[in-house]
Amino acid sequence: MHIKDLNSKEYDPYYSRYIRKLEASMSLTQSFENGFLNVIDFFQKLPKEKLGYRYAKGKWNCKEILQHLIDTERIFMYRCFRIARNDKTELAGFNQNEYVEPSGASKKNMEQLLAEFQAVRQSSISLVNSFINTDLQNVGIANGAAMSARAAAFTVTGHEIWHMDIIKERYL
């Protein structure tokens, strides 16, 4: 299953900003494995003085962004799981901003956040590898719009690239 196989009707147009970040030839498993290495390397190399930095009032700091990536991966992989299993129950959206403060990300050290990311990513890779192609093509409703299981999964890996690009542009 490759990104080039994904049809734009399998997801809300909002998510195209993330999905377009992925190479068309990349497989779903490759995107998770490559993303794992890239995220770990990227966040390990961030200067310590930038971890709590906010480029504007009300914006997240780098540790909060990493926690956001973790939280979003959990939510989208849950969507992927439910849709792949052909669950027809509509899946709720979430307000990402409401997750930041209760996450306590600013009080965590980078090693804790990266360990949490690693655990979540390993679970995601295991889940993706458990599906057959027809499972990943199943379409459900998430946050009021159609979404295939594979679109939910590809959104995760494109989303992390999106946020790393923002950090490069606005934080460093």
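Preceding this paragraph is the structure being described.
If you're wondering where the values come from, they're calculated on a predicted model, not measured in any experiment.

## Details of the packing of aromatic side chains
According to the stated counting rule, one finds ten aromatic pairs in the structure shown. Measuring from centroid to centroid gives 5.3 Å for Tyr-14 and Tyr-15, while their planes differ by 85 degrees, and the two rings are edge-to-face. Ring geometry for Phe-36 against Phe-117: centres 6.1 Å apart, planes inclined by 5 degrees, an arrangement best described as stacked. Of this pair, Phe-36 sits in helix α2 (residues 28-44) while Phe-117 is found in helix α5 (residues 110-130), placing the two residues 81 residues apart along the sequence.

## A look at unusual backbone geometry
We note that Asn-86 has phi near 65 degrees; this positive angle belongs to a residue other than glycine. Secondary-structure assignment places Asn-86 in the loop between α3 (62-84) and α4 (96-103). Given a relative accessible area of 42%, Asn-86 falls into the partly exposed group. Positive phi, normally seen in glycine, also occurs at Asn-143, with a value near 55 degrees. Its location among the elements puts Asn-143 in the loop between β1 (139-142) and β2 (145-148). For Asn-143, a relative accessible area of 48% translates into the label partly exposed.

## Description of the packing of α2 against helix α7 (residues 149-170)
Helix packing for two helices is described by the angle between their axes and how far apart those axes are. Put simply, α2 and α7 touch, their axes get as near as 10 Å, and they point 25 degrees apart. Considered as vectors, α2 and α7 are oriented roughly parallel to each other. Of the two possible hands of crossing, α2 and α7 adopt the one that is left-handed. Taken together, the residues of α7 that come into contact with α2 (itself represented by Leu-28, Ser-31, Phe-32, Gly-35, Phe-36, Asn-38, Val-39, Phe-42 and Phe-43) are Ala-153, Phe-154, Val-156, Thr-157, Glu-160, Met-164, Ile-167 and Lys-168. Class assignment of the residues belonging to the contact of α2 with α7 gives a composition of eleven nonpolar, four polar and two charged.

## Topic: empty space enclosed by the protein
Applying the stated rule across the entire model yields two cavities of 30 Å³ or more. When its volume is computed, the largest cavity comes out at roughly 40 Å³. Around the largest cavity, the lining residues are Glu-64, Gln-67, His-68, Asp-71, Gln-96, Tyr-99, Val-100, Ser-103 and Ala-105. Contributions of two or more residues to the lining of the largest cavity are made by α3 and α4. Estimated volume of the second largest cavity: approximately 40 Å³. The set of elements that each furnish at least two residues to the lining of the second largest cavity consists of α3 and α7. For the lining of the second largest cavity, a count of residues per class yields two nonpolar, two polar and three charged.

## Here we look at the environment of Gly-35
Structurally, the position occupied by Gly-35 is in helix α2. In this structure, the C-alpha to C-alpha distance between Gly-35 and Glu-49, residues 14 residues apart in sequence, is 24 Å. Other than its neighbours up to four places away in sequence, Gly-35 contacts Gln-30, Phe-117, Arg-121 and Glu-160.

What counts and how
- Residues numbered from 1 in each chain as written.
- Predicted model: local features only at pLDDT ≥ 70, side-chain atom pairs only at ≥ 80, totals over all residues.
- Heavy atoms only, no water.
- Phe/Tyr/Trp six-rings, centres within 6.5 Å; stacked < 30°, edge-to-face > 60°.
- Helix = DSSP H or I, 4+ residues; strand = E, 2+ residues; numbered from the N terminus.
- Buried < 20%, exposed > 50% of the residue type's maximum accessible area, 1.4 Å probe, protein only.
- Axes fitted to C-alpha atoms, helices over the stretch in contact; angles between N-to-C directions.
- Parallel < 35°, antiparallel > 145°, perpendicular 65-115°, else oblique.
- Left-handed = near helix turned anticlockwise from the far one by under 90°.
- Contact = heavy atoms within 4.5 Å.
- Nonpolar A, V, L, I, M, F, W, Y, C, P; charged D, E, K, R; others polar.
- 1 Å grid on protein atoms, 1.4 Å probe; cavity = no way out; pocket = protein on both sides within 12 Å on 5 of 7 lines; lining within 4 Å.
- Points joined across faces, edges and corners; volume = space filled by probe spheres on them.

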